[in-house]
Amino acid sequence: MLEEIKSIEIITPDDWHLHLRESPLIEKVFPYTFTKFGKAIIMPNLKNPIIRLSQAHEYYKKIKSLIIPGYNFEPLMTLFLSEETRLKDIYDGVKSGTISAIKFYPQGVTTNSYGGVKDLSKMYNLLEKLPDLNIPLLIHGETTNSKVDIYDREAYFLEETVSKLIEKIPELKIVLEHITTKDSVDFILENNSNIAATITAHHLILNRNNLFDEGLRPHYYCRPIAKREEHRMAVRNAATSGNSKFFLGTDSAPHLDKNKESACGCAGIFSAPNALGYVAQVFEEESALDNLENFISINGAKFYNLSLNSTLSKFTKFKEAIKYPSKIEVGKELITVFNPGYPLYWKNEIVGEKNLIKEKF
Ligand code: NCD
Ligand code: ZN
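Nothing here was measured: the structure is a model prediction, and the numbers come from that model.

Draft legend 1. Examining the overall build of the protein more closely. Of the regular secondary structure elements, the protein holds 13 helices and 13 strands. Compactness check: the protein gives a C-alpha radius of gyration of 19 Å against a globular reference of 21 Å for 361 residues, within 12% of the reference. The principal-axis extents of the C-alpha atoms in the protein amount to approximately 60 × 45 × 45 Å. By the burial criterion, 57% of the 361 residues in the protein qualify as buried. When contacts within the protein are restricted to residue pairs at least 6 apart in sequence, long-range pairs at least 24 apart make up 75% of them. With an accessible surface of roughly 15,600 Å², the protein has 48% of that area assigned to carbon and sulfur atoms.

Here's what the structure looks like:
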């Protein structure tokens, strides 16, 4: 038996940046999310990106069909910004309550982003319409200019693209996704309340040394790539400060091991099974558990103008390390679960509402 030593109850958290993929992966990875979170922003970068509203409807139905009765999880759908994006899809999607945000990937910046936008200024006419609909533009903020050092691409992008966008459409709500630098933290703090940022669990924990610790670590490779220690600390301070402009987006991004452990391994870290536990542990380490609820359960919903979850979650610290799977199986293939290289002591579950199924995933 694990011995309990500390616990807190907070509003059930949300995940403001999540990749669920398609069959057969989604069936295996999604239970880790719908059993622990109330809502999640679902990324649209499927192999066939979600550009049309009809695709978002289909994907929404698929996701909903996988939720076990007793869980009230709500997927918040996004549309992939492309030169083919139609304003009508956005209008209809927001009006029908299906679409919660638009996602902008610079063309080719990351997994399945080849249909992304090369020059954002071409999309200004469309983006000008978003403030009336009160939905944010979610930005993968890295330049694709290959002459810019990979560790500088996030900072460079702020000047190259985000500043210009804000100047042109100041009333546009923006979320800078998965920020990794002090530059981004400062940028968010210096700008008005229309701009916020998501932060992942792994960027609170990893710096760029971890990628090369005794050899190449493909399971620590993600975009944006982990940065220097001073940047990790800036991001960690922002998250644990409780400031309403920062909220959790795990960016849990499962890939089959064979695709990550290869000559050209793809980007993405699968953290859904343990991201919340490790985040709670980070907040404890920073003596900031009082701010955990802001970061994982309140700030995001407020920014998106959505209601807070009606259930409570209990986070408990145990004396012995919590076991989690190191890999999950998908048919004959495996997906590696994020492991920062030190034990996990925090565990959480939804409590306080109805006859919840206590299955272990
Ligand atoms: C994500 C993925 O695999 O879809 N990868 C990643 O490294 N974060 C895409 C993304 O968010 O960049
Ligand atoms: Zn992502």
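Draft legend 2. Spotlight on the coordination of the zinc ion (ligand 2). Summarising the metal site, the zinc ion (ligand 2) is bound by the protein donors His-17 (NE2), His-19 (NE2) and Asp-251 (OD), whose distances to it range over 2.0 to 2.1 Å. Geometry at the zinc ion (ligand 2) is tetrahedral, judged from the 4 donor atoms that bind it and their angles of 91 to 130° at the metal. One chain supplies every donor for the zinc ion (ligand 2), spaced along it as H-x1-H-x231-D. Taken together, the residues His-19 in the loop between strand 2 (15-18) and helix 1 (25-29) and Asp-251 in the loop between strand 9 (246-248) and helix 11 (257-260) connect sequence positions 232 residues apart.

Draft legend 3. Summary view of the side chain of Thr-181. Among the structural elements, Thr-181 can be located in the loop between strand 7 (174-176) and helix 8 (182-190). There is a polar contact of 3.0 Å between the side chain of Thr-181 and the backbone nitrogen of Ser-184.

Draft legend 4. Region of interest: the site of ligand 1. Taken together, 15 residues sit near ligand 1, with Arg-21, Thr-110, Arg-223, Asp-251 and His-255 positioned nearest. Within the side chain of His-255, a nitrogen or oxygen atom sits 2.7 Å from an oxygen atom of ligand 1. The contact in question runs from an oxygen atom of ligand 1 to an N or O atom on the backbone of Ala-267, over 3.1 Å. About the coverage of ligand 1: the protein hides 100% of its 310 Å² of free accessible area. Broken down by class, the residue content of the shell around ligand 1 amounts to 3 nonpolar, 9 polar and 3 charged.

Draft legend 5. Broad picture of unusual backbone geometry. With an omega dihedral of 0°, the bond running from Ser-23 to Pro-24 counts as a cis peptide bond. Cis geometry is found at the peptide bond from Arg-223 to Pro-224, where omega equals -10°. Phi is positive for Asn-112, close to 50°, though the residue is something other than glycine. Position of Asn-112 among the secondary structure elements: in the loop between strand 5 (99-104) and helix 5 (124-127). With a phi close to 60°, Asn-134 is a non-glycine residue in the positive phi region. Here Asn-134 is to be found in the loop between helix 6 (130-133) and strand 6 (137-139). Of the residues examined, Asn-134 reaches a relative accessible area of 37% and is grouped as partly exposed.

Draft legend 6. Quick look at the nonpolar core. Leu-81, Leu-127, Leu-137, Leu-165 and Leu-176 are the most contacted members of the largest nonpolar core, which totals 96 residues. Broken down by element, the residue count for this core peaks at 7 residues, all from helix 12 (residues 275-285). If near-sequence neighbours (up to four positions away) are discounted, Leu-137 is found in contact with Leu-81, Ile-102, Phe-104, Leu-127, Leu-130, Leu-165, Leu-172, Lys-173, Ile-174 and Val-175.

Scoring rules and cut-offs
Residues numbered from 1 in each chain as written. Chains lettered and ligands numbered in written order. Predicted model: local features only at pLDDT ≥ 70, side-chain atom pairs only at ≥ 80, totals over all residues. Heavy atoms only, no water. Helix = DSSP H or I, 4+ residues; strand = E, 2+ residues; numbered from the N terminus. Rg over C-alpha atoms; globule rule 2.2 N^0.38 Å. Buried < 20%, exposed > 50% of the residue type's maximum accessible area, 1.4 Å probe, protein only. Contact = heavy atoms within 4.5 Å. Areas by Shrake-Rupley, 256 points an atom, 1.4 Å probe, with all protein chains shown as cover. Donors = N, O, S within 2.8 Å, 3.2 Å for Na, K, Ca; no water. Tetrahedral: all angles 85-135°; square planar, octahedral: opposite > 155°, others 65-115°. Polar contact = N/O pair within 3.5 Å; in protein donor to acceptor, adjacent residues only side chain to side chain. Near = heavy atom within 4 Å. Nonpolar A, V, L, I, M, F, W, Y, C, P; charged D, E, K, R; others polar. Core = buried A, V, L, I, M, F, W, Y, C linked by side-chain atoms within 4.5 Å.

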